Amino acid sequence: MSVHKQEIKKITTHQLQEMKSRGEKIAMLTAYDYSMAKIIDGAGIDVILVGDSASNVMAGNETTLPITLDQMIYHASSVVKAVKRALVVVDIPFGYYQGSSGEALRSSIRIMKESGAHAVKLEGGSEVKDSVLRILSAGVPVMGHLGLTPQSIYKFGTYTVRAKEEAEAAKLIEDAKLLEKCGCFAIVLEKIPATLAKKVAESIQIPTIGIGAGPDVDGQVLVMQDMLGITMEFKPRFLRRYADLQSVINKAVNDYVADVKAKAFPSDKEKY
Ligand code: KIV
């Protein structure tokens, strides 16, 4: 008797392009570890971003700047092991692609080789053009990231909405067209006016994935800990919480502590 394994159709960059063409929205979330990646992959997420937001939500840093390439590879390889269907994209962290296109290529190759991920993401437009081209020349798919780019927080000085002024909005549109021309397969648009995001989505053929960029983009991304209600201090207007896991975990731990103290756990049935 032959055993037929059920084929799971993996999401590819090509499929994301087709989703944009037929108007199907792309759902993307971050993940940084095996257990959570397994749950969200099984629940049908299209793209998992191993974001450098791991610096904030996993390592407790104030910004994304301190996380290292080795740490990103550690998170990414844990996620990749869990994933059967989603496309896994990994952020190249701050300081590992800005120096030269050669450095960007070396960092991307390390991410792909050591984690088994499917694509990389980096922040910026014309400033990173050479790096994007060099990475793509090695056959590594690249996702762009425009608008609020957290690796530049000390240049911006604040996490407020970007590109409200005409000049910055015009540069953002030009950068999106440039990234498309270079060969990026998608672009994240973070915290920009919804009207501008719509204009960008209509100006380019590749998918735009928004976070705080309104509904008229080709997909949405959120940080998993934020949308699950684990990180309760972070309350931007764009964030919809789909669960209150902080309360669920609090109650579970309180109940456990009470049971241990009361000698109610383990019971007779829970011992050998
Ligand atoms: O690092 C990250 O989580 C990101 C998303 C916010 C897009 O870049």
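Residues numbered from 1 in each chain as written. Predicted model: local features only at pLDDT ≥ 70, side-chain atom pairs only at ≥ 80, totals over all residues. Heavy atoms only, no water.

Turning next to the pairing of strand β7 (residues 208–211). Residues Thr 208 and Gly 210 line one face of β7 and the alternating positions Ile 209 and Ile 211 line the opposite face, and both faces are buried. Here β7 runs beside strand β8 (residues 219–222); their pairing, made up of two bridges, is parallel. Across the sheet, residue Ile 209 finds its bridge partner in β8, namely Gly 219. (Buried < 20%, exposed > 50% of the residue type's maximum accessible area, 1.4 Å probe, protein only. Helix = DSSP H or I, 4+ residues; strand = E, 2+ residues; numbered from the N terminus. Pairing = 2+ DSSP bridges.)

Now for the domain arrangement of the protein. Annotation of the protein at the domain level lists domain 1 (13–241) and domain 2 (245–272). A separation of 39 Å is found between the C-alpha centroids of domain 1 and domain 2. (Domains from an automatic or database assignment.)

The next point concerns the side chain of Thr 64. Relative to the helices and strands, Thr 64 is located in the loop between α3 (54–57) and α4 (69–82). For Thr 64, the contacting residues outside a window of four places in its chain are Asp 52, Ser 53, Ser 55, Asn 56, Pro 150 and Gln 151. (Contact = heavy atoms within 4.5 Å.)

Roughly 730 Å³ of volume is contained in the largest pocket. If you go around the largest pocket, you meet 34 residues; those closest to its centre are Ser 53, Asn 56, Glu 190, Val 223 and Phe 234. Listed by contribution, the elements that provide at least two residues to the lining of the largest pocket are α3, α7 (153–156), β6 (186–190) and β8. A per-class count over the lining of the largest pocket returns 16 nonpolar, nine polar and nine charged. There is about 390 Å³ of room inside the second largest pocket. Around the second largest pocket, the lining comprises 19 residues; the ones closest to its centre are Gly 124, Gly 125, Glu 127, Thr 149 and Lys 155. When residues of the lining of the second largest pocket are traced back to their parent elements, those giving at least two are β5 (142–147), α7 and α8 (166–182). Broken down by element, the lining of the second largest pocket gets its largest block of residues, four residues, from α8. Among the residues forming the lining of the second largest pocket, the class breakdown is six nonpolar, seven polar and six charged. (1 Å grid on protein atoms, 1.4 Å probe; cavity = no way out; pocket = protein on both sides within 12 Å on 5 of 7 lines; lining within 4 Å. Points joined across faces, edges and corners; volume = space filled by probe spheres on them. Nonpolar A, V, L, I, M, F, W, Y, C, P; charged D, E, K, R; others polar.)

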